[in-house]
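# Examination of the molecular architecture
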Amino acid sequence: MRLPLENVRILAVDQFGAGPFGTMMLADLGAEVIKIEDPATGGDVSRYVPPYAVEQDSLYYQSFNRGKKSITLNLKTAAGREILHRLVKVSDGLLCNLRGDSWRRLGLNYDALKGTNPRIVCCSLTAYGATGPRAAEPGYDYLVQGYAGYMSITGSPDGPPEKCGVSVIDHAAGFAAALGLVAGVLRARATGEGCDVDVSLLDTAVSMLSYLAIWSLNRDHQAVRMPGSAHQTLVPVQTFETRDAYLVIFCGKEHFWQELCSALDLPALAEDPRFRTFKLRYQHREELLPLLEQRLRQRTTAEWLHRLEGRVPCAPVNTIAQGLADPQVRAREMIVEVDHPIFGSIKEVGSPIKIVGVDGPAAPASALGADTTTILGRYLSYDDDEIARFRAAGVI
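Once a new chain begins, its residue numbering starts again from 1 and follows that chain's sequence as written. Since the coordinates come from a predicted model, pLDDT governs what is reported: local features require at least 70, and pairs of side-chain atoms require 80 or more to be given and counted, while whole-chain, interface and lining totals use all residues. Computation of side-chain values covers all heavy atoms of the structure but excludes hydrogens and water.

### A word on the overall build of the protein
Stated formally: Put simply, DSSP marks the helices as runs of H or I at least four residues long and the strands as runs of E at least two long, and each gets a number from the N terminus on. Buried means the residue's accessible area, taken with a 1.4 Å probe over protein chains only, is under 20% of the maximum for its type, while exposed means over 50%, and partly exposed covers the values in between. The criterion used for residue contact is that any of the two residues' heavy atoms lie within 4.5 Å. Per-residue and other accessible areas were derived by the Shrake-Rupley procedure at a 1.4 Å probe size, with only the shown protein chains allowed to occlude residues. The charged-residue count follows a simple rule in which Lys and Arg add positive charge and Asp and Glu add negative charge, with His and chain termini not counted at all. Note on charges: their place is set at NZ of Lys, CZ of Arg, CG of Asp or CD of Glu.
Scanning the protein for helices and strands turns up 18 helices and 11 strands. Projected onto its principal axes, the C-alpha positions of the protein cover 85 × 45 × 40 Å. Relative to its full complement of 396 residues, the protein shows a buried share of 44%. Residue pairs at least 24 apart in sequence account for 68% of intrachain contacts in the protein once pairs closer than 6 positions are excluded. Element-wise, carbon and sulfur atoms account for 55% of the exposed surface of the protein, whose accessible area totals about 19,900 Å². The centroid of the 41 positive side-chain charges in the protein is displaced by 3 Å from the centroid of its 46 negative side-chain charges.

### Describing the pattern of salt bridges
Once their charged atoms are close, side chains differing in charge can pair, the charge on each being opposite to the other. Rules: By definition here, a salt bridge exists when the distance from a side-chain nitrogen of Lys or Arg to a carboxyl oxygen of Asp or Glu is within 4 Å.
One pass over the full model with this rule turns up 17 salt bridges. For K69, the salt bridge is made with E32, and the minimal N-O distance between the two is 2.6 Å. Of this pair, K69 sits in strand β3 (residues 69–72) while E32 is found in strand β2 (residues 32–37), placing the two residues 37 residues apart along the sequence. E32 gets classed as buried once you look at its relative accessible area, which sits at 17%. K114 is paired through a salt bridge with D111; the nearest N and O atoms lie 3.5 Å apart.

### Some words on the sheet that holds strand β8 (residues 246–250)
Stated formally: Two strands pair under a simple rule: DSSP has to find at least two bridges between them. Here an axis means a line fitted to C-alpha atoms, over the contact stretch when the element is a helix, while the angle between two N-to-C directions is reported on a 0 to 180 degree scale.
As summarised here, the arrangement of the 3 strands in space is β7-β8-β9, forming an open sheet in which the pairing is antiparallel. On the outer flanks of this sheet lie β7 (237–241) and β9 (314–316), each paired with one strand and no other. Each adjacent strand pair in this sheet contributes to an overall mean axis angle of 20 degrees, direction not counted. Seen against the sheet, helix α13 (residues 285–296) touches β7 and β8 and runs at an angle of roughly 45 degrees to β7.

### Focus: the packing of aromatic side chains
Geometrically, a pair of aromatic rings is defined through the distance of the ring centres and the angle of the planes. Which entries qualify depends on this criterion: Here a pair means two rings of Phe, Tyr or Trp (six-membered ring of Trp) with centres within 6.5 Å. Their orientation is stacked below 30 degrees between planes, edge-to-face above 60, and tilted elsewhere. Either the NZ atom of lysine or the CZ atom of arginine qualifies as a charge over a ring when it sits within 6 Å of the ring centre and within 35 degrees of the ring normal.
One pass over the structure, following the stated rule, counts 6 aromatic pairs. Consider the rings of F16 and Y60, whose centres lie 6.0 Å apart with planes at 75 degrees: the pair is edge-to-face. A residue pair is termed long-range when its members are at least 10 positions apart, and F16 in the loop between β1 (9–13) and α1 (18–28) and Y60 in helix α2 (residues 59–65) qualify at 44 residues. Of the residues examined, Y60 reaches a relative accessible area of 31% and is grouped as partly exposed. Every member of this aromatic cluster is reached through a ring pair, and the members are F16, Y60 and F64. When the ring centre of Y128 is taken as origin, the NZ or CZ atom of R134, which lies over that ring, is 4.5 Å away.

### Structural notes on a nonpolar patch on the surface
Rule in force here: Surface patches are defined over residues having more than 30% relative accessible area and no salt bridge, joining like charges when they lie within 9 Å and nonpolar side chains (Val, Leu, Ile, Met, Phe, Trp, Tyr) when within 5 Å.
Residues F16, V45, Y60, Y140 and L143 make up a contiguous nonpolar surface patch of about 460 Å² in total accessible area. Of note, L143 is situated in helix α6 (residues 141–147). Of the residues examined, L143 reaches a relative accessible area of 47% and is grouped as partly exposed.

### Overview of α1
Residues lying three or four places apart along an α-helix face the same way, a consequence of the helix completing one turn every 3.6 residues. Burial of α1 is extensive: 11 of the 11 residues sit out of reach of the surface. If you check which residues of α1 are buried, you get A18, G19, P20, F21, G22, T23, M24, M25, L26, A27 and D28. Positioned one or two residues after α1, G30 has a phi angle of 110 degrees, which is positive.

### Considerations on the side chain of R47
Among the structural elements, R47 can be located in the loop between β2 and α2. Here R47 is in contact with E37, G42, A53, Q56, D57, S58, Y61, S70, S366, A367 and L368, once residues within four sequence places are set aside.

### Brief notes about the packing of helix α17 (residues 372–379) against helix α18 (residues 384–392)
We count it as follows: Angles are sorted into four bins: roughly parallel if under 35 degrees, roughly antiparallel if over 145, roughly perpendicular if 65 to 115, and oblique for all others. Should the near helix be turned anticlockwise from the far one by less than a right angle, the crossing is left-handed, and should it be turned clockwise, the crossing is right-handed. Three classes are used, and their members are as follows: Ala, Val, Leu, Ile, Met, Phe, Trp, Tyr, Cys and Pro are nonpolar, Asp, Glu, Lys and Arg are charged, and the others, Gly among them, are polar.
Where α17 contacts α18, the axes come no closer than 10 Å and their chain directions differ by 140 degrees. Here α17 is positioned oblique relative to α18, judged by the angle of their axes. Read as a crossing pair, α17 and α18 show a hand that is right-handed. Contacts between α17 and α18 pair T373, L376 and G377 from the former with I387, F390 and R391 from the latter. Taken together, the residues that form the contact of α17 with α18 break down as 3 nonpolar, 2 polar and 1 charged.

### Description of the environment of D101
Position of D101 relative to the elements: it lies in the loop between β4 (93–96) and α4 (102–105). Exposure remark for D101: the relative accessible area of 25% places this residue in the partly exposed category. Remark: the alpha-carbon pair of D101 and A365, spanning 264 residues in sequence, is separated by 27 Å. Other than its neighbours up to four places away in sequence, D101 contacts A135 and A136.

If you want it as structure tokens, here you go:
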């Protein structure tokens with residue numbers, strides 16, 4: 001079976017995390033992604049992120065750019081912009097996640113490119129969006145976690161606000177941009193008309209506030225940092241300390257609460273009138289949780305997992321290495337091996353999108369500018385002399 005995006009070509013003027021993550025998802029689904037990097041700055045800054053960086057490449061860069069081609073192109077030169085327009089003419093979409101409003105100043109929006117290709121879809125992925133008082137400002141996942149309120153509900157109640165340990169907003173915004181691009185391309189193929197797609201880290205973060213936002217907007221609910229990383233209102237849904245480590249329990253349905261009481265050998269709790277329903281357990285959480293905490297500290301995490309698995313939703317608090325080694329992760333083929341000319345065989349995390357009966361590509365990200373000559377010659381019909389002049393002038 002063919003990959004679903006095999007006939008789609010995307011130009012990527014992106015760097016670091018959010019944009020490259022989104023375009024990598026498209027590459028995993030078969031899209032031809034041509035990454036455009038500035039020769040004057042040494043390309044995507046993530047090529048140089050330590051600790052595992054060598055020869056304008058790094059494991060960090062590979063983690064965001066699997067399967068993409070690389071062309072160097074100085075978009076601040078007239079010749080560079082001419083080459084870009086010729087690439088746009090033979091492409092379906094363009095994703096840019098440069099700082100603030102620089103994508104518009106570089107002519108990477110639909111109004112600037114529709115004369116070349118009226119079907120082109122231009123996605124800008126920025127920190128704060130294309131409109132509003134902060135549109136021109138740079139921003140990053142860490143900043144937006146603070147800005148959107150995430151840090152106010154992350155961490156211990158008696159500690160400082162904290163961010164999530166991974167860049168969840170970057171990655172979610174990458175998914176949003178990828179979805180927006182695909183939607184735009186589908187529309188363009190049906191109507192012949194492209195468009196701008198405007199995605200931001202802040203909008204993505206706010207959208208994921210979901211029920212917390214609705215509670216706050218409509219009932220003045222004040223979300224706070226909870227002990228044990230607990231759910232704001234569902235009880236018991238949190239992390240518990242065991243005899244040797246930690247365990248996460250999620251009683252998201254009433255019958256899970258009944259099963260938990262049975263597995264903990266605490267049948268009286270199931271019948272206690274203070275704890276019979278979600279509402280009652282929420283109202284009496286300060287009475288209930290110490291009873292559960294005392295019981296769970298009496299056995300190891302492994303012992304509790306043996307009792308709970310298959311009855312109550314639960315999970316150990318793994319290290320990253322333990323999580324990657326989990327049999328379910330391996331069974332889902334979420335660890336893929338990619339042959340790299342410098343690093344050798346690299347193990348990477350695979351795509352979370354599984355198309356049944358289709359194996360995605362497993363090619364490394366190209367070296368800086370490795371595909372420049374091929375793309376300019378084969379796709380755009382520049383001859384060797386023209387390419388040599390571009391190189392001498394610093395255009396590529």
